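# Topology and contacts: notes
Each chain is listed here by its residues.
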Amino acid sequence: MTGGMIVVFGSLNADLVTRVDRIPAPGETVIGPGYAVHPGGKGANQALAAARAGARVVMAGAVGRDGLADVALGLLEAAGVDLSRVARLDEPTGAAFITVDAAGENAIVVAAGANGHASAAALADLDWQTGAILLLQREVPEAECIAAARIAKAHGARVVLNLAPAGPADPALVGLVDILVMNEHEARVMAGTLGIAEGDPDAIAREIDARHGIAAIVTLGAEGLVAWTGGVRRAVPALPVTVVDTTAAGDTFCGAFAAALAAGYGFTGALQRGVAAGSLACTKAGAQPSIPDRAAIEAAVAGKFL
């Protein structure tokens, strides 16, 4: 299948990553042997994942006029992502400070910088292709996400929202969303926002689908995911991999899932490709450097699901 069009409106960061024996507790200092600087940001990660999975990708957002901007944009440019709608502002490029422990788990502090000034106006004159998908996260202003979603819907595009980082979502945004992607914690936050009685992630996804007509996906880490759409439940197991670093696994799922949908795969086939990509991303260190390409995703899908 040929790749479809994915428009990502979201964050672009430089990630400063250090590996430690354990993630520090409040008030504690833990020494790491060194650090690496990688491109990151949830928007950029998802854009790169979609591009590597075969989609035509347009990235909209904002960076500074500093050296970290070149870091933030480097791999996107190399992957052929259209960066003409990324603004250069007199604000620092967003940065994430990431510690990764011996088990591969991470703790992250994000400084928004230019991301806090990203504008959906960058999408106003975009030539949207039939079947295009807008992919949103929550590291840029919510009002601008709403504006971007309205533009997308006006052009017949589907809107996918990754409810990350977790937090109550504006009802105006929820009302524009076709597909919602959450982890377990984010699902419980969304349940509270929508007035759904506390339940397990499976039940929450079922209720979001039933009450609001929004396809709901809950990622479950090593257990894979559960999803509900149109009253039908789907569960997809993760690949059995050796975890090195979970950073960007969720973003990789989102980008590869959206790319598969835009390419014409059915919901289950798109979920499988997203899960395969997210699982593979855990096998390498770093955010964007760990994101697999289409060939690796298809090989994993063929070996696991077909």
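Here the structure is a predicted model, which means the values were calculated and not measured. (Residues numbered from 1 in each chain as written. Predicted model: local features only at pLDDT ≥ 70, side-chain atom pairs only at ≥ 80, totals over all residues. Heavy atoms only, no water.)

### Brief notes about the UniProt feature "binding site: substrate" (unreviewed entry) in the protein
Annotation from UniProt places "binding site: substrate" (unreviewed entry) at Asn13, Ala14, Asp15, Gly41, Lys42, Gly43, Ala44, Asn45, Glu139 and Asp251. Looking only at the residues we just named, the largest pocket is lined by Asn13, Asp15, Gly41, Lys42, Asn45, Glu139 and Asp251. Within the fold, Ala14 resides in strand E2 (residues 13–19). The buried category is assigned to Ala14, whose relative accessible area is 0%. (UniProt positions renumbered as here; feature names shortened; annotations may be inferred. 1 Å grid on protein atoms, 1.4 Å probe; cavity = no way out; pocket = protein on both sides within 12 Å on 5 of 7 lines; lining within 4 Å. Helix = DSSP H or I, 4+ residues; strand = E, 2+ residues; numbered from the N terminus. Buried < 20%, exposed > 50% of the residue type's maximum accessible area, 1.4 Å probe, protein only.)

### A few points about a nonpolar patch on the surface
A grouping of Tyr35, Val37 and Leu68 is seen on the molecular surface, where their side chains present a nonpolar patch of about 300 Å² in accessible area. Within the element layout of this structure, Leu68 appears in helix H2 (residues 67–78). (Patch = residues over 30% accessible without salt bridge, like charges linked within 9 Å, V, L, I, M, F, W, Y side chains within 5 Å. Areas by Shrake-Rupley, 256 points an atom, 1.4 Å probe, with all protein chains shown as cover. Salt bridge = Lys/Arg side-chain N within 4 Å of Asp/Glu carboxyl O.)

### Re the packing of helix H5 (residues 184–194) against helix H6 (residues 201–212)
Relative orientation of the contacting elements H5 and H6 amounts to 45°, with a least axis distance of 10 Å. Judged on the interaxial angle alone, H6 and H5 are oblique. The hand of the H5/H6 crossing is left-handed. Residues Glu184, Ala187, Arg188, Met190, Ala191 and Leu194 of H5 form the contact with H6, whose participating residues are Pro201, Ile204, Ile208, Arg211 and His212. For the contact of H5 with H6, the per-class residue count stands at 7 nonpolar, 1 polar and 3 charged. (Axes fitted to C-alpha atoms, helices over the stretch in contact; angles between N-to-C directions. Parallel < 35°, antiparallel > 145°, perpendicular 65-115°, else oblique. Left-handed = near helix turned anticlockwise from the far one by under 90°. Contact = heavy atoms within 4.5 Å. Nonpolar A, V, L, I, M, F, W, Y, C, P; charged D, E, K, R; others polar.)

### What to know about the pairing of strand E8 (residues 133–136)
The alternating pattern of E8 places Ile133 and Leu135 on one face and Leu134 and Leu136 on the opposite face, and all of these are buried. Pairing analysis gives 4 bridges linking strand E1 (residues 5–9) to E8, with the strands arranged parallel. Across the sheet, Ile6 pairs through a bridge with Ile133, a residue of E8. Here 4 bridges tie E8 to strand E9 (residues 158–162), and the two strands are oriented parallel to one another. Pairing of Ile133 across the sheet is with Arg158, part of E9. A crossover links E8 with its parallel partner E9, the connecting element being helix H3 (residues 142–154), and its sense is right-handed. (Pairing = 2+ DSSP bridges. Right-handed = clockwise from strand over helix to strand, strands pointing away.)

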